[in-house]
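Observations on chain architecture
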Amino acid sequence: QRKNEWVAIGNYVNSDSWYSQVMREDLTGTQYAYFLQGMQNWHSYMQKSGWTEENPEYPAACEAAIIDDSYILIVLTEDYTDEIGHTDVLESIGGAVESFWYEKDGYIF
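Note that the structure is a prediction, hence the values are computed from the model and not measured.

**Some details on the side chain of His43**
Structurally, the position occupied by His43 is in the loop between helix H3 (34-37) and strand S1 (45-51). A polar contact is formed between the side chain of His43 and the side chain of Asp68, at a distance of 2.7 Å. For His43, the side chain forms a polar contact with the side chain of Glu98, separated by 2.7 Å. When residues no more than four places from it in sequence are discounted, the contact partners of His43 are Leu36, Ile67, Asp68, Glu98 and Tyr102.

Shown next, in the form of structure tokens:
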């Protein structure tokens, strides 16, 4: 479901629809871009993240992003062992994906 949502977002912000640029601006340069915090280089991005802080009922962190208008990265986590949302995991995954992206010259599949 998240993938379909972000494919639709990518299609919409790259269309000539009335509010497409408004949506792009609202999702660009946002705070708490954990994937980007784990990357070494500058990237354009549109993203939305979420997490819980010490909530034993739902200890989670998640992020969905379109990086460089090239690929979608979505991670949802849940960890009941520490009862916190691990945003550090999102940073690590962002760094690993960036490394893989450069290693494969932008060809992931």
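**Quick look at helix H2 (residues 20-27)**
By the burial criterion, the buried members of H2 are Ser20, Arg24 and Leu27. Looking straight down H2, one finds its buried side chains confined to an arc of 75 degrees; they lie on one side. In H2, the exposed positions angled more than 90 degrees off the buried face are occupied by Glu25 and Asp26. Buried residues in H2 make contact with helix H1 (2-13) and S1.

What counts, and at which threshold
- Residues numbered from 1 in each chain as written.
- Predicted model: local features only at pLDDT ≥ 70, side-chain atom pairs only at ≥ 80, totals over all residues.
- Heavy atoms only, no water.
- Helix = DSSP H or I, 4+ residues; strand = E, 2+ residues; numbered from the N terminus.
- Polar contact = N/O pair within 3.5 Å; in protein donor to acceptor, adjacent residues only side chain to side chain.
- Contact = heavy atoms within 4.5 Å.
- Buried < 20%, exposed > 50% of the residue type's maximum accessible area, 1.4 Å probe, protein only.
- Arc of directions from axis to C-beta.

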